[in-house]
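Survey of secondary and tertiary structure
What follows is the residue order along each chain.
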Amino acid sequence: MQKQNTKITDIIFPKDLPKGLFIALIIACLLLGLSALSHGEGVQSWLGVLESWLLMLIILPTATATVALPFKFRDPTFELKLAYYLGMFVAFLFTLAKLRYWR
């Protein structure tokens, strides 16, 4: 029996696309989430950071991938990973727009 040598990056990122692009998106979301530190004091500011990270990295991308599930059932070649990262990008843009009016 031969072991499959799979890297974590092969599992997480879509194939045939540059991995650096997705890593940059994740880092940008993490850095943008830190902007909540300026809107509170003490633990409250860190809870805002955690909320921003959950929204950008888990909640909105998962919702987008869930909405895209019918496409996966219709076309087996459709990659849900792309829908997940699309949701992450939309959450990034939403947070940028939110910060514009957040005072």
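A brief report on the enclosed structure follows. As the structure is a computational prediction, the values presented were derived from the model and not from experiment. (Residues numbered from 1 in each chain as written. Predicted model: local features only at pLDDT ≥ 70, side-chain atom pairs only at ≥ 80, totals over all residues. Heavy atoms only, no water.)

**Some thoughts on the packing of aromatic side chains**
- Counted according to the given criterion, the structure contains five aromatic pairs.
- With centroids separated by 6.0 Å and ring planes inclined at 15 degrees, the aromatic side chains of Phe-13 and Phe-22 adopt a geometry described as stacked.
- A residue is classified by how much of its surface remains accessible, and Phe-22, at 7% relative accessible area, is buried.
- Considering the side-chain rings of Phe-22 and Tyr-85, the 4.6 Å spacing of their centres and the 45 degrees angle between planes classify their relative orientation as tilted. (Phe/Tyr/Trp six-rings, centres within 6.5 Å; stacked < 30°, edge-to-face > 60°. Buried < 20%, exposed > 50% of the residue type's maximum accessible area, 1.4 Å probe, protein only.)

**As for helix H5 (residues 80-101)**
- Look at H5: 32 Å from first C-alpha to last across 22 residues, which is about the 32 Å you get at 1.5 Å a residue.
- Along H5, the positions that sit buried rather than exposed are Ala-83, Tyr-85, Gly-87, Met-88, Ala-91, Phe-92 and Thr-95.
- Among the structural elements, helix H1 (8-12), helix H2 (19-33) and helix H3 (43-67) are those in contact with the buried residues of H5. (Helix = DSSP H or I, 4+ residues; strand = E, 2+ residues; numbered from the N terminus. Expected span 1.5 Å × (residues − 1). Contact = heavy atoms within 4.5 Å.)

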